[in-house]
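So the chains spell out like this:
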Amino acid sequence: MAKTALITGITGQDGSYLSELLLLKNYKVHGLVRRVALEDKTHRLWRLRGILNKINLHAASLESYASIVKLIQHLKPTEIYHLGAQSYIDYAFKDEFSTLNTNINGTHYLLSAIKEFSPKSKFYFAASSEMYGKVLEIPQTEKTPFYPRSTYGISKVAGFDLTRNYREAYNLFCCNGILFNHESPRRGFEFVTRKITHAVARIKLGIQKDLKLGNIEAKRDWGHAKDYVEAMWLMMQQKKPEDFVICTGKQHSVKDFTKLAFKTAGLDYKKYLKIDKNLNRPADVQTLLGDHSKAKKILKWKNKHSFEMLVKDMVASDLEFVEKEGY
Ligand code: GDP
């Protein structure tokens, strides 16, 4: 019988790539989406455009236990990938209450519904390198203590602990993927990588003059989302549920990303980059660098895309996007 997967956050970058991967593996793919998304397909479901007729979307809310129970009782999915969250850090500062409530309760509701109504379902939680925040060790591994610097990071630590605790207390198959920043042409415009590649394309095509950025010394371990959804799936195929760091093990600054993105389009970043202090965060994460030794050993996973390939893919795609859409 075909395996079934339920994905929360299916409309996002990772949700769309994961759906494509699971369809290739002959899964029946179900997505939990807010009702508003179903009513505004053009704006909210654009990443799923190519596969909309192959997946099943269900209107439910991570803020409603009743709607989650109904869905899980009905589907009893083989695998549940919980990717849905308020994920953009700036919003986390501006709307801390809703970030904490939605992210923590949503995870707890799902785990509780699995325990009560579908204990055979495997559960994946999208934990995040933001949990390391003000890093206590370099590079970060599964054993590095957390020191989150935003309500988003705090909510992810809580979700991580809930997932681990349900695994230990109730013997459920629950695992955490501690994914470092992962980008792609489907990244939202609010993240720095997409902001940069979109600006580069607009500047190249003469519809934008400069690019304003905040903290360009911040360093990240950036990978390609396509590689990272494979790691999620691999974690769910193991005999034993465990937590894994997923990263490239290489670090670059926002400035490095900017330089390379402009260079890829044949431009010199120095002519266009402006620093705007208003874009600095109240408490930023200055450096993130992961160690994926455990994933390499147990999952046999390694990133296929290098930093250079990622930047090239994003710039090429944004040049095409701006040319076609005109904005
Ligand atoms: P994050 O790692 O989840 O916070 O991913 P982001 O892509 O939002 O930010 C990565 C880093 O880029 C952070 O340290 C930001 O402070 C820094 N950064 C510098 N300028 C900007 C900007 O204009 N927008 C965003 N989103 N981040 C910026």
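Residues numbered from 1 in each chain as written. Predicted model: local features only at pLDDT ≥ 70, side-chain atom pairs only at ≥ 80, totals over all residues. Heavy atoms only, no water.

(A) Spatial organisation of the overall build of the chain. Across its full length, the chain holds twelve helices and 13 strands. In terms of overall size, the chain behaves like a compact globule, its C-alpha atoms giving a radius of gyration of 19 Å where 327 residues would be expected to give roughly 20 Å. Based on the C-alpha atoms only, the size of the chain along its principal axes is roughly 60 × 45 × 40 Å. Per-residue burial over the chain gives 54% buried out of 327 residues. A separation of at least 24 residues holds for 80% of the contacts in the chain among residues at least 6 apart in sequence. For the chain, the centre of its 52 positive side-chain charges and the centre of its 35 negative side-chain charges are spaced 3 Å apart. (Helix = DSSP H or I, 4+ residues; strand = E, 2+ residues; numbered from the N terminus. Rg over C-alpha atoms; globule rule 2.2 N^0.38 Å. Buried < 20%, exposed > 50% of the residue type's maximum accessible area, 1.4 Å probe, protein only. Contact = heavy atoms within 4.5 Å. Lys, Arg positive; Asp, Glu negative; His and termini not counted. Charge placed at Lys NZ, Arg CZ, Asp CG, Glu CD.)

(B) Highlighting the site of the ligand. Close to the ligand lie 19 residues, the nearest being Lys195, Gly214, Arg220, Arg281 and Asp284. Within the contact set of the ligand, an oxygen atom lies 2.9 Å away from a side-chain nitrogen or oxygen of Glu130. In the model, an oxygen atom of the ligand is placed 2.9 Å from a nitrogen or oxygen of the Val192 main chain. Expressed as a share of its isolated accessible area of 540 Å², the protein-covered part of the ligand is 96%. Of all elements in the fold, only α8 (192–204) and β8 (211–213) reach the threshold of two or more residues within the shell around the ligand. Of the domains in this structure, domain 1 (4–182 + 222–246) and domain 2 (188–220 + 250–325) are the two that each give at least three residues to the shell around the ligand. (Near = heavy atom within 4 Å. Polar contact = N/O pair within 3.5 Å; in protein donor to acceptor, adjacent residues only side chain to side chain. Areas by Shrake-Rupley, 256 points an atom, 1.4 Å probe, with all protein chains shown as cover. Domains from an automatic or database assignment.)

(C) Spatial organisation of the packing of aromatic side chains. Summed over the entire model, instances satisfying the criterion amount to 13 aromatic pairs. Considering the side-chain rings of Phe189 and Phe321, the 6.0 Å spacing of their centres and the 45° angle between planes classify their relative orientation as tilted. Of this pair, Phe189 sits in the loop between β7 (182–183) and α8 while Phe321 sits in helix α12 (residues 307–325); the two residues are 132 residues apart in sequence, bridging distant segments of the chain. On the basis of relative accessibility, which here comes to 35%, the residue Phe189 falls in the partly exposed class. The exposure class of Phe321 is partly exposed, given its relative accessible area of 21%. Connected via pairs of aromatic rings, a cluster forms that spans Tyr132, Phe146, Phe160 and Phe180. Taking NZ or CZ as reference, Lys122 lies 4.6 Å from the ring centre of Phe173, over its face. A cation sits over an aromatic face here: Arg186 above Tyr17, 4.0 Å from the ring centre. (Phe/Tyr/Trp six-rings, centres within 6.5 Å; stacked < 30°, edge-to-face > 60°. Lys NZ or Arg CZ within 6 Å of the ring centre and 35° of its normal.)

(D) Local environment of the packing of α8 against helix α10 (residues 254–264). α10 packs onto α8 with a crossing angle of 30° between their chain directions and a minimal axis gap of 10 Å. As summarised for this structure, α8 and α10 are arranged roughly parallel, according to the angle between their axes. Our pair here, α8 against α10, has a crossing hand that is right-handed. On α10, the residues that touch Val192, Thr193, Ile196, Thr197, Val200 and Ile203 of α8 are Val254, Phe257, Thr258, Ala261 and Phe262. Partitioned by chemical class, the residues of the contact of α8 with α10 number eight nonpolar, three polar and no charged. (Axes fitted to C-alpha atoms, helices over the stretch in contact; angles between N-to-C directions. Parallel < 35°, antiparallel > 145°, perpendicular 65-115°, else oblique. Left-handed = near helix turned anticlockwise from the far one by under 90°. Nonpolar A, V, L, I, M, F, W, Y, C, P; charged D, E, K, R; others polar.)

(E) Structural detail: the sheet that holds strand β2 (residues 28–33). Taken in spatial order, the seven strands make up an open sheet running β3-β2-β1-β4-β5-β6-β11, and their pairing is parallel. A strand with exactly one partner marks an edge of an open sheet, and here the two such strands are β3 (56–59) and β11 (244–246). On average, each strand axis in the sheet is inclined to that of its neighbour by 25°, with strand direction left out of account. One ladder, built from three bridges, connects strand β6 (residues 174–179) with β11; its direction is parallel. Each residue of the ladder has a partner; that of Leu179, found in β11, is Ile246. Lying over the sheet, helix α6 (residues 96–117) contacts β1 (4–8), β4 (79–82), β5 (122–128) and β6, oriented at roughly 165° with respect to β5. (Pairing = 2+ DSSP bridges.)

(F) Molecular detail of the pattern of salt bridges. Enumeration according to the criterion identifies 17 salt bridges in this entry. For the salt bridge of Asp210 with Lys212, the shortest nitrogen-to-oxygen distance reads 3.8 Å. Between Arg281 and Asp284 there is a salt bridge, with its nearest N and O atoms 3.9 Å apart. Of the residues examined, Arg281 reaches a relative accessible area of 25% and is grouped as partly exposed. A relative accessible area of 17% places Asp284 in the buried class. What emerges from the salt-bridge pattern is a single network uniting Asp161, Arg164 and Glu168. (Salt bridge = Lys/Arg side-chain N within 4 Å of Asp/Glu carboxyl O.)

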